[in-house]
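Architecture and fold: a report
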Amino acid sequence: MLSLPQHMKLVPTADKSPSLEITYSGEVSELMHHSHGAFPESVYIYGETLALAIQHNIQPHILSIGLGLAYNEILSFCISEKMNIDISMTTFESEPFLRDSFFQWTQGHSENSPLYSSYDTILKMATDYYQVSISSVREQLKSAFGSKQLVMKNEFQFEAIKNEKFSVIFYDPFSNKASPDFWTESFLSSFLSHHADLSCIFSTYAATGILKRTLKANKFEVELRNGFGGKRHSTRAIRSSIS
Ligand SMILES: C[S@@+](CC[C@H](N)C(=O)[O-])C[C@H]1O[C@@H](n2cnc3c(N)ncnc32)[C@H](O)[C@@H]1O
């Protein structure tokens, strides 16, 4: 059994769905999800956004920033199964351990990672929630890497996806405290102009003035949703023909 890297700690959230805490340079540490429930938070912020895109006839070409425990990837394949629509997804993750563990788990490899039981829990919760077959979603996830329906990349870099445009963006990096680069106006502006398709839906747990301004400057209609678990706001934004 592999062990978790020292800077990572598994933390159960209120509904027993797992989250992961990462500590950078022994100082800044951040939990990946809201302590009130990693699963319902992921459904609310990201799952509902993908379902909305599909309802608006958007072909989901998804960009996911931050694989983490892969909630958004697992939910997306459940929604694809439920709504009977093909998806394609590119996911960035800077931690090699998280990329490797998730890939090995999807392939059913026997070398045990301490994260396998977390993925199993998330898959069970997600297939129960969307009422889809656990074995079908597992099969989809297993073949998704080979068919390039799911592409996993390292640390986010513009060059890694050239000028590829995405119709659904799950913007889930750490907060400004741990990952400040993702939240500056210049980064967000380049990100949206290079990677947001004309018809695009963008969702994140965060709600900052800079984010809202930059989305508006890029012709998105911004919806300030309630935040999850008592947070004041989260942000969803829609551009073009699906608004
Ligand atoms: C809030 S967590 C994502 C949670 C995840 N979406 C889930 O479903 O569990 C943020 C993730 O971004 C990753 N990350 C941090 N810096 C990054 C970077 N520069 N490029 C890509 N991923 C990064 C972290 O390792 C962490 O896994």
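Above this text sits the structure in question.
These notes cover the structure that comes with them. These figures come from a predicted structure and were not determined experimentally.

In terms of helices and strands, the protein carries 7 helices and 10 strands. Taken over the C-alpha trace, the protein has a radius of gyration of 17 Å; the compact-globule value for 243 residues is 18 Å, and the two agree within 12%. Its C-alpha atoms give the protein principal-axis dimensions of about 50 × 45 × 35 Å. Per-residue burial over the protein gives 51% buried out of 243 residues. Considering only residue pairs separated by 6 or more positions, the protein has 68% of its internal contacts joining residues 24 or more positions apart. On the protein, roughly 11,100 Å² of surface is accessible, and the fraction owed to carbon and sulfur atoms is 49%. In the protein, 21 positive and 25 negative side-chain charges are present, and the distance between their average locations comes to 5 Å.

This next bit is on the pattern of salt bridges. On inspection of all chains with the given rule, the structure shows 5 salt bridges. Its salt-bridge partner being Arg138, residue Asp120 comes within 3.7 Å of it at the nearest N-O pair. You can see Asp120 sitting in helix α4 (residues 116-130) and its partner Arg138 sitting in helix α5 (residues 134-144), a full 18 residues away along the chain. The partly exposed category is assigned to Asp120, whose relative accessible area is 39%.

Glancing now at the site of the ligand. The full set close to the ligand counts 22 residues, and Gly66, Leu69, Glu93, Phe156 and Asp172 are the nearest of them. Residue Gly68 places a main-chain N or O atom 3.4 Å away from an oxygen atom belonging to the ligand. In this structure, Tyr71 approaches the ligand through a main-chain N or O atom, which is 3.1 Å from an oxygen atom. Burial of the ligand by the surrounding chains reaches 95%, relative to a free accessible area of 600 Å². Of the pockets mapped on this structure, the ligand occupies the largest pocket. Elements supplying a minimum of two residues to the shell around the ligand: β2 (18-24) and α2 (71-83).

Turning next to helix α6 (residues 185-195). Regarding α6, the residues found buried are Phe187, Leu188, Phe191, Leu192 and His195. For α6, the buried positions fall inside an angular range of 120 degrees around the axis, keeping them on one side. Where α6 is buried, its residues touch β4 (61-65), β7 (166-171), β8 (196-204), α7 (209-217) and β9 (220-226).

Along the chain, Ser135 falls in helix α5. For the pair Ser135 and Leu123, spaced 12 residues apart in sequence, the C-alpha separation works out to 10.0 Å. At 3.2 Å, the side chain of Ser135 and the side chain of Ser133 are in polar contact.

By volume, the largest pocket is sized at about 810 Å³. What lines the largest pocket is a set of 38 residues, among which Gly66, Asp172, Pro173, Phe174 and Ser179 lie closest to the centre. Elements represented by at least two residues in the lining of the largest pocket include exactly β2, β3 (28-31), α1 (38-55) and α2. No other element matches the 3 residues that α1 contributes to the lining of the largest pocket. Here the lining of the largest pocket is built from residues that sort into 20 nonpolar, 10 polar and 8 charged.

Each value, and the rule that gives it
- Residues numbered from 1 in each chain as written.
- Predicted model: local features only at pLDDT ≥ 70, side-chain atom pairs only at ≥ 80, totals over all residues.
- Heavy atoms only, no water.
- Helix = DSSP H or I, 4+ residues; strand = E, 2+ residues; numbered from the N terminus.
- Rg over C-alpha atoms; globule rule 2.2 N^0.38 Å.
- Buried < 20%, exposed > 50% of the residue type's maximum accessible area, 1.4 Å probe, protein only.
- Contact = heavy atoms within 4.5 Å.
- Areas by Shrake-Rupley, 256 points an atom, 1.4 Å probe, with all protein chains shown as cover.
- Lys, Arg positive; Asp, Glu negative; His and termini not counted.
- Charge placed at Lys NZ, Arg CZ, Asp CG, Glu CD.
- Salt bridge = Lys/Arg side-chain N within 4 Å of Asp/Glu carboxyl O.
- Near = heavy atom within 4 Å.
- Polar contact = N/O pair within 3.5 Å; in protein donor to acceptor, adjacent residues only side chain to side chain.
- 1 Å grid on protein atoms, 1.4 Å probe; cavity = no way out; pocket = protein on both sides within 12 Å on 5 of 7 lines; lining within 4 Å.
- Sits in = over half its atoms within 2 Å of the grid points.
- Arc of directions from axis to C-beta.
- Points joined across faces, edges and corners; volume = space filled by probe spheres on them.
- Nonpolar A, V, L, I, M, F, W, Y, C, P; charged D, E, K, R; others polar.

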